[in-house]
Amino acid sequence: MSTNFSQRIEQALADPQLRANFRGAMKFLRIKRQLAFSDEQEWRALRKQGAAIRQDVIQRLPELLIQLEQQCLQNGIQVHWAQDGDQANEVILEIAQNKQAKRVIKGKSMASEEIELNDFLAKHDIECIESDMGEYIVQLDHEKPSHIIMPAIHKNTAQITALFEKKLGIKTPEGDVDALIGVGRRILREKFEQADIGISGVNFAIADTGTLCLVENEGNGRLSTTAPPVHIALMGLEKVIPNIQVLPTLQRLLTRSATGQHITTYLNLISGPRKKDERDGPKEVHLVLLDNGRANIRQDEKLQNTLACIRCGACMNHCPVYTRIGGHAYGSTYPGPIGQVVTPQLKGLAEEGELLDACSLNGACGEACPVEIDLPELIRTLRHRRQESTSNAWSKEALVWLVWAKIHQHPKLYQQTTRLAAALRGLTPYIPSLWRKSRNMPKPAKMSLHQQVKDRSNIRKKAGK
Amino acid sequence: MPHSSKTIQKKQQVYLFGTCLIDNFYPQAGLDAIALLELAGFEVIFPQAQTCCGQPPYNSGFKAPALSIAKQTIDLFSDEGIPLVVPSASCASMIKYHYPTLFEANTNDKQLALNLSQRTFELIDFLHDKLPYSQQPKCPHLKVTLHESCSALREMNVASTWHKVLEQLDNIELFFPEDRHECCGFGGTFSVKSEPISAVMTHDKSQNLLATGAEKILSGDCGCLMNIGEHIVFEKSAFKKQANPCLHLASFLVARFGLQHEH
Amino acid sequence: MLKTNNARSAILSRLRQGQHKVKAAIPFKARHFEADSIKALFIDKLHESHAETYESDEENWSDIITQIAQENSFKTWLVAKHLPLIEQACKTLKSSQNDLSFVHYDKDYEALKEHLFKQVDVSITLAKVAIAETGTLLLIPDKHEPRMMSLIPPVHIVLLKQSDIVSSFQQIVDQPPWESTAMPTNIVFISGPSKTADIQQTLAYGAHGPKRLIVIII
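Caption draft 1: The overall build of chain B, seen in detail. Of regular secondary structure, chain B possesses 13 helices and 8 strands. Computed over C-alpha atoms, the radius of gyration of chain B comes to 19 Å, within 12% of the 18 Å expected from 2.2 N^0.38 for 263 residues, which places it in the range of a compact globule. With the C-alpha coordinates of chain B rotated into their principal frame, the extents come out at 60 × 50 × 30 Å. Counting all 263 residues of chain B, 54% fall into the buried class. Put simply, of all contacts in chain B between residues at least 6 apart along the chain, 76% involve residues at least 24 apart.

In structure tokens, the structure reads:
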């Protein structure tokens, strides 16, 4: 593990407030999800359907995207394709510059975090304000989100109250969440009114009708995509779905897995810009299809199911590692198990492969995934790929396993080694190892199972059994 | 010696895969596994050439070393009529669920692996309906807690069977810890490679298990037991110099069924 | 744009290089509830999400609106023009109180913005259909009832016919028509007042959308 990752982990583990915040939050989300999926049979059936829908999408991606583009164009939605984050940012900048836009209001979009859109626009003197309450809080504190559904989950009420006082000069009563939300509502309302462009993500895009589907509870998504004269929707290309008939299943899986809700307050279906006789809505709607490594993932038969992800966050909610180190420790847009699988594939195993070590392969993530992504198996496979592609084929660890294999391949050698270890068991207290930082080192047994079984069978033979 | 006039019943044979951890550190659990299998009427075959299932390098990303070890294993337990019983859910899972993937590049080996997979069982699950529950000797009252290892829970799906077995034992009280299904932090090499995270997880699990008031912590996986047990003993002040309370389910069952250990 | 056309071909060619097995379509089974329990379930679900409900019959429903007006001292009402049900509601309101003002959404949003954000206390809209399973209203904004009507005001009242309540979301999507030519610009499913739990998982209402959702079932 790199010093940076190790450092971030140790920092997180040493922060009792952070640990308490995450502990409480993850437990809360797990319980809510459990209640929403209390019917085992329904969970299993939904999950199977969800997995089948998403796998079908992965297989038919090129044709579905072409159909989506066709339908969107027919509906008056302009479609742009971006191979990577830089291209996506350029496309968005060009639209903004054409409109002489200076102010952007944003709905929640993890894809926009992925391409670091806010920073890019800021460099070009375009103000980009987050309108989702959690994202707004995080932006105020110059941080990145620590969870893909609840961005400010690492902060508690007291910390947010202090933040508002410090950064906005607005003091609210201690523990008064309603007051804090009221502050956010007031400030952001102005931004909705004044914005030149609204940018959103896309939860699902329906190919056969050219429709963008967005789920939310707050209403900021609807405001961002209705008030400004221009709406830009940024979408990872795997988010396309074939038709509206599959939407209820996916929606049921998404909202229950994410927050335990059977449905979010708003499900918004956008199929075009404002028509001539309509009175509100954006006059221009743009859809930016983002590749940024996704097409490459699809080519890999073992790893392509990574693209099934509907970004619900259930995996990280159930991950005992994430619960303890929080989202920022991963240092990537997507944290937790899905982050450990996506980030090395998007940014390279050499750069981000170390994320794969922060996993005990306990399987809670795969068990919770609503579309049956076998996350532990993907992590394992990526560990194999990491080793196969490494420039350091003779690392310390590789040598350890080489020796391990040699010993365990040869029964006689194995038994000799066992006998040697047993003979030297007195030296056990002196073996250096990270294990010993919090555990005693167990001593090898005086006689191995092999030996005892052999002796036993000798005794039995002698007794005529 | 004259032959008996009775026909000798041929016992059904099972292979025992002891696992390298039990072999080197907890051989008693292996002997207890054999004792239980014999109690249930099986003849246990323990090929001396067995070593390891290959899981440690496999999970760490090192396929080639894992493959060479696993090849040894599938060649060794080759009799298709003999079930393979493993006193560890995680090693059983490696053989049952991961060997077919590991050997996918070679058709013959894959066939051997698939065949072995079909007849591989975790020990307690294999025995659960074959033990003489109605003939339990009187044993002292005991409070126990069960650590359902991740492999038992999510891969082999035998955690509920472990529970069922304990429910049929006399004079014990069974407790489950807070955050019952959370990983104990062992994860094989994870315990060393991600030591700081693992340490915290292990401490939480140890605390939760002991907080049940149980006198013994039971599980079917020696890796977890080693992790939890050696941590409890290490943290003298946090756990009030508590002796290692961990015990393999096989050893516990041997004690409760009053079996003698052979010397 | 030339750049994005190049991107388009590059992306599509990468996508076409992967496995290309086509799977069969997946059959779905919509959930159906008994007719008499649909309304009760619908109301329960709305209450769970902190929405308020009133039940009425064909004759007295507009009285409920005046009752709501009086109890809450709502002064400025945002309503559509030229919709019979809405006109009836307004008529009843006007006759019960003479200090109310009505904003008609008969201009473009840009011209009405100030009124919408700063003056309107409450809006009334119709709903096309409702889903009992989740306590959801389906609105299709159009030239009469634009999108902002159900979004900007702090209180949103919805008029719904009991006969328009169906069991499940799946039921709606399984029924035609959903052809691309007939797709409205916007369809919004509303399942309660606006809310957020972003601050220490504590529920708070009226984050950005309406703080109160009132449903009158006729």
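Caption draft 2: Inspection of the overall build of chain C at higher detail. The helix and strand tally for chain C stands at 6 helices and 12 strands. Here chain C, with 218 residues, has 44% of them falling under the buried criterion. Long-range pairs, those at least 24 residues apart, make up 76% of the contacts in chain C between residues at least 6 apart in sequence.

Caption draft 3: A look at the pairing of strand S12 (residues 212-217) of chain C. Residue and element names in this part refer to chain C. In terms of residue burial, S12 counts as a mostly covered element, since 5 of its 6 residues are buried. Note: strand S1 (residues 52-55) against S12, 4 bridges, orientation parallel. Residue pairing for S12: Tyr-54 is matched across the bridge by Ile-216. Note that strand S7 (residues 155-160) and S12 share 6 bridges and pair parallel. When the bridges of S12 are listed, Ile-157 appears paired with Ile-214.

Caption draft 4: Molecular detail of the environment of His163(B). Residues and elements named next belong to chain B. As for its placement among the helices and strands, His-163 is situated in helix H9 (residues 159-167). The exposure class assigned to His-163 is partly exposed, which follows from the 13 C-beta atoms found within 10 Å. Spatially, the C-alpha atom of His-163 lies 13 Å from that of Leu-127, the residues being 36 residues apart in sequence.

Caption draft 5: Inspection of the sheet that holds strand S3 (residues 101-104) of chain C at higher detail. Residues and elements named next belong to chain C. Within the open sheet, the 6 strands sit side by side as S1-S12-S7-S4-S2-S3. Their pairing is parallel. Each having just a single partner strand, S1 and S3 make up the two edges of the open sheet. Averaged over neighbouring strand pairs, the angle between their axes works out to 20 degrees when direction is ignored.

Caption draft 6: Quick look at the arrangement of the chains. Ranked by contact count, the leading pair among the 2 pairs of chains in contact consists of chains A and C. Across the gap from chain B to chain C, with no contact made, the nearest C-alpha atoms are 18 Å apart.

Caption draft 7: Inspection of the sheet that holds strand S2 (residues 42-45) of chain B at higher detail. Residues and elements named next belong to chain B. With respect to topology, 4 strands assemble into an open sheet ordered S2-S1-S3-S4, the strand pairing being parallel. Two strands close off the open sheet at either side, each with one partner strand: S2 and strand S4 (120-122). Strand-to-strand twist in this sheet, taken as the mean axis angle between neighbours without regard to direction, amounts to 35 degrees. In the packing of helix H2 (residues 27-39) onto the sheet, the strands contacted are strand S1 (12-16), S2 and strand S3 (84-86), and the crossing angle to S2 comes to about 150 degrees.

Caption draft 8: Geometry of unusual backbone geometry. Residue and element names in this part refer to chain A. In the Ramachandran plot, Arg-311 falls in the positive-phi region, its phi being about 60 degrees despite a non-glycine side chain. As for its placement among the helices and strands, Arg-311 is situated in the loop between helix H13 (294-299) and helix H14 (314-318). Judged by the 18 C-beta atoms lying within 10 Å of it, Arg-311 falls in the partly exposed class.

Caption draft 9: Focus on the domain arrangement of chain B. Residue and element names in this part refer to chain B. Examined at the domain level, chain B breaks down into domain 1 (12-126) and domain 2 (135-256). Computed from C-alpha coordinates alone, the two centres of domain 1 and domain 2 are separated by 23 Å. Of all elements in the fold, only helix H1 (20-24), H2, helix H3 (55-60), helix H5 (89-102) and helix H7 (123-127) reach the threshold of two or more residues within the side of domain 1 that touches domain 2. Per-element tally for the side of domain 1 that touches domain 2: the top contributor is H2, with 6 residues. Of the residues belonging to the side of domain 1 that touches domain 2, the class tally is 15 nonpolar, 7 polar and 3 charged.

Caption draft 10: Main features of the packing of helix H3 (residues 61-72) of chain C against helix H4 (residues 84-96) of chain C. Residue and element names in this part refer to chain C. The interhelical angle for the contact between H3 and H4, taken along N-to-C directions, is 50 degrees, at an axis separation of 9 Å. The angle between H3 and H4 falls in the class oblique. Once H3 is placed against H4, the crossing between them reads as right-handed. On H4, the residues touching Ser-62, Ile-65, Thr-66 and Ala-69 of H3 are Gln-88, Ala-89, Thr-92, Leu-93 and Ser-96. Its residues placed into classes, the contact of H3 with H4 shows 4 nonpolar, 5 polar and no charged.

Caption draft 11: Focus on the interface of chain B and chain A. The partner chain A presents 50 residues to the 49 residues of chain B that form the contact. Elements with a minimum of two residues in the side of chain B that touches chain A: H1, H2, H3, helix H4 (63-76), helix H8 (150-155), helix H10 (190-193), helix H11 (195-210) and helix H12 (222-234) of chain B. Counting residues per element, the side of chain B that touches chain A draws most heavily on H11(B), which supplies 7 residues. Considering only residue class, the side of chain B that touches chain A consists of 23 nonpolar, 17 polar and 9 charged.

Caption draft 12: Structural detail: the interface of chain C and chain A. With 63 residues of chain C at the contact, the number on the chain A side is 76 residues. Of all the secondary structure elements, the ones that give two or more residues to the side of chain C that touches chain A are helix H1 (2-16), helix H5 (109-118), helix H6 (169-174), strand S9 (186-190) and strand S10 (195-196) of chain C. Among the elements that take part in the side of chain C that touches chain A, H1(C) stands out by supplying 10 residues, more than any other. Its residues assigned to classes, the side of chain C that touches chain A shows 27 nonpolar, 21 polar and 15 charged. As judged from the 5 bridges shared by strand S9 (residues 266-270) of chain A and S9(C), these two strands associate in the antiparallel manner. Within S9(C), the residue paired with Asn268(A) across the bridge is Val188(C).

Caption draft 13: Fine view of H4(C). Residue and element names in this part refer to chain C. Across its 13 residues, H4 extends 19 Å between first and last C-alpha, which sits within 8% of the 18 Å expected from 1.5 Å per residue. For H4, every residue scored as buried is listed here: Ile-86, Ala-89, Cys-90 and Leu-93. Buried residues in H4, looked at end-on, bunch into an arc of 95 degrees, giving them a common side. In H4, those exposed residues whose orientation departs by more than 90 degrees from the buried face are Pro-84, Lys-91 and Ser-95. Elements in contact with the buried residues of H4: H3, strand S2 (76-79), S3 and strand S4 (122-126).

Caption draft 14: Inspection of the confidence of the model for chain C at higher detail. Residue and element names in this part refer to chain C. Mean pLDDT over chain C stands at 89; residues scoring 70 or higher make up 89%. Across chain C, element-level confidence peaks in strand S6 (residues 136-139) with a mean pLDDT of 98 and bottoms out in H1 with 87. Reported confidences for the modelled complex are a pTM of 0.95 and an ipTM of 0.94.

Caption draft 15: Region of the structure containing the nonpolar core. One finds Ala205(A), Met235(A), Ile241(A), Val288(A) and Val215(C) to be the most contacted residues of the largest nonpolar core, which totals 269 residues. Residue contacts for Ile241(A): discarding those within four places in its chain leaves Ile53(A), Val57(A), Phe204(A), Ala205(A), Ile206(A), Ala207(A), Val246(A), Leu247(A) and Leu250(A).

Caption draft 16: Molecular detail of H4(B). An ideal rise of 1.5 Å per residue puts 20 Å on 14 residues; H4(B) measures up with 20 Å between its terminal C-alpha atoms. For H4(B), the complete set of buried residues consists of Lys63(B), Pro65(B), Ala66(B), Leu67(B), Ile69(B), Ala70(B), Gln72(B), Thr73(B) and Ile74(B). Those residues of H4(B) that are buried lie in contact with helix H19 (375-389) and helix H20 (396-409) of chain A together with H3, H5 and helix H6 (107-118) of chain B.

Caption draft 17: Quick look at the pairing of strand S10 (residues 284-290) of chain A. Residue and element names in this part refer to chain A. Across the 7 residues that make up S10, a large majority, 6, are buried. Here strand S1 (residues 77-82) runs beside S10; their pairing, made up of 6 bridges, is parallel. Note on S10: the bridge partner recorded for Ala-82 is Leu-290. Pairing geometry for strand S7 (residues 230-236) and S10, over 7 bridges, is parallel. Looking across to S10, one finds that Met-235 is bridged to Leu-289.

The rules behind each value
- Within any chain, residue numbers begin from 1 and follow the written order of that chain's sequence.
- Whichever chain is written first becomes A and whichever ligand is written first becomes 1, with later ones labelled in order.
- Only residues with pLDDT of at least 70 get local features here, since the model is predicted, and only at 80 or more are side-chain atom pairs given and counted; chain-wide, interface and lining totals rely on the full set of residues.
- A run of H or I in DSSP becomes a helix once it reaches four residues, and a run of E becomes a strand once it reaches two; helices and strands are each numbered from the N terminus.
- For this measure, only C-alpha atoms enter the radius of gyration; the expected value for a globule follows 2.2 Å times N^0.38, where N is the number of residues.
- Buried residues are those with 20 or more other C-beta atoms within 10 Å of their own C-beta, exposed residues have 12 or fewer, and partly exposed residues lie in between; C-beta atoms are placed from the backbone.
- By the convention adopted here, residues are in contact when the distance between their C-beta atoms, placed from the backbone, does not exceed 7 Å.
- A pair of strands is treated as paired once DSSP finds two or more bridges between them.
- The angle between two axes is taken between their N-to-C directions and runs from 0 to 180 degrees, where each axis is a line fitted to C-alpha atoms and a helix contributes only its stretch in contact.
- Domain boundaries shown here were taken from an automatic or database domain assignment.
- Polar here means any residue other than Ala, Val, Leu, Ile, Met, Phe, Trp, Tyr, Cys and Pro, which are nonpolar, and Asp, Glu, Lys and Arg, which are charged; Gly is therefore polar.
- Throughout, the term roughly parallel applies to angles under 35 degrees, roughly antiparallel to angles over 145, roughly perpendicular to angles from 65 to 115, and oblique to all others.
- Crossings are assigned a handedness: left-handed for a near helix turned anticlockwise from the far helix by less than a right angle, right-handed for a clockwise turn.
- Here the expected length of a helix is defined as 1.5 Å per residue gap, with one fewer gap than residues.
- Note that the arc is computed from the directions linking the helix axis to the C-beta atoms.
- What pLDDT conveys is the predictor's confidence in a given residue, as a value from 0 to 100.
- Residues of type Ala, Val, Leu, Ile, Met, Phe, Trp, Tyr and Cys that are buried and joined through C-beta atoms within 7 Å form what is called a nonpolar core.

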